[in-house]
Amino acid sequence: MKYEMKEFYKDKKILVTGHTGFKGSYLCQILCNMGAEVIGYGLKPPTTPALFDILDLEKRMTSVIGDIRDFEKLQNVFEKYQPEIVFHLAAQPIVRESYVNPMYTYETNVMGTVHICECVRKSNCVKSFLNVTTDKVYENQETGTPFTEDMPLDGYDPYSNSKSCSELVTHSYIHSFFDDMELAVSTARAGNVIGGGDFAKDRIVPDCYRAASQGKKIVIRNPYSVRPYQHVLEPLYVYMMIAMKQYEDKAWQGFYNVGPDDVNCITTGEVADCFCDSWGENLAWENQYDGGPHEAGCLKLNCDKVKKQFGWCPKWNATEAIQMSVTWYQAYHDGADMIAITNKQIGEMFDV
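The structure presented is a predicted model; accordingly, all values stated were derived computationally and were not measured.

Chemist: Just checking my understanding: could you explain the pattern of salt bridges for this structure?
Modeler: Overall, the coordinates contain 16 salt bridges when judged by the stated rule. Close ionic contact of Lys-136 with Asp-135 constitutes a salt bridge, the shortest N to O distance being 3.3 Å. On the basis of relative accessible area, Lys-136 is assigned to the buried category, the value being 16%. A residue is classified by how much of its surface remains accessible, and Asp-135, at 1% relative accessible area, is buried. Here Glu-167 ties to Arg-189 by a salt bridge, and the two come within 2.9 Å at their closest N and O atoms. Placement of the pair is Glu-167 in helix 7 (residues 158-176) and Arg-189 in strand 6 (residues 184-190), with a sequence separation of 22 residues. The exposure class of Glu-167 is buried, given its relative accessible area of 0%.

Chemist: Explain the environment of Pro-93 here, please?
Modeler: Its location among the elements puts Pro-93 in the loop between strand 4 (85-88) and helix 5 (95-100). Sequence spacing of Pro-93 and Thr-105 is 12 residues, and the spatial spacing of their C-alpha atoms is 8.3 Å. Once residues within four sequence positions are removed from consideration, Pro-93 is found in contact with Tyr-159 and Arg-203.

So, how was this worked out
What you see as residue numbers is a count from 1 along each chain, following the sequence as written. The predicted nature of this model means local features are confined to residues of pLDDT at least 70 and side-chain atom pairs, given and counted, to a pLDDT of 80 or more, with totals for whole chains, interfaces and linings taken over all residues. With hydrogens and water stripped out, all remaining heavy atoms of the structure feed into the side-chain values. Just to be clear on terms, a salt bridge is a Lys or Arg side-chain nitrogen sitting within 4 Å of an Asp or Glu carboxyl oxygen. Think of it in three bands: residues with accessible area under 20% of the maximum for their type are buried, residues over 50% are exposed, and the middle band is partly exposed, with areas taken using a 1.4 Å probe on protein chains only. Counting from the N terminus, the helices are the DSSP runs of H or I reaching at least four residues and the strands are the DSSP runs of E reaching at least two. A contact between two residues is defined here by any heavy atoms of the two lying within 4.5 Å.

In structure tokens:
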């Protein structure tokens, strides 16, 4: 599959929205390594430092800085570059930020999806479209039962709810328009991703790195919350596999959970423990619950569907994913060649 994927993506015209973000930057690096013609549409890198800048991606691809809420500018990108495959990653991705800026979150995550779907509908170049959402789209009654794709969608907070809406917008466009077109469309509901190069606020691994690099204790808001943690390269492999297979045969399109095995759905405290053990230097963490807004206590995904459909299974467990993240951050902290380090880890997943 890996070699087939490399050959498939070579010379393909691919649009990635949210290309300057953490996950988008990794996806663009992989696609560029495979020889694809990559066009990115998104805001300026959201953090300083940013993986997009560290990988010097602007020199390897076409980077269009624009807001997904700007329909006219987005449509111009479609008309100018005529992408064959579209990966939609652009989003306001932080739960706590969605409580601070709910209107912006809905505008970006809901109307942004409407805009990308409308651009796809009006174009005749796109053959494969993947909308990336989240494990938080489901109605969560805190039973601890892993979510399956047929369970009700109804996220609690503005971020989760807006991504539920993004799913429903996509479903409506499929039924109303896309089913009658030579176009395959899927959504992928991914678990929590970790990996070197994430510098966002309010995410456990970047928070661990910032504390470690400053010689401070890691502050954990809720060490008991359970999440489906996976290395960022795991879902990216699945996204690319889905987009490739449905490009070749529309029968592969669908709605897919993409996450780790149940045993790797672990607590935030366990992530911090593993990070501290891997980093060394007597790094430690402390529990400082800040009484913040509601966040789900337990999230787990049942990924039997994608495993059965594509014969996929996760490559790395949670401990390995955290250790790979620490390896990346320590290399960055020491001033290493981060393009080489990143490509080495990508190569372990994709053989490129």
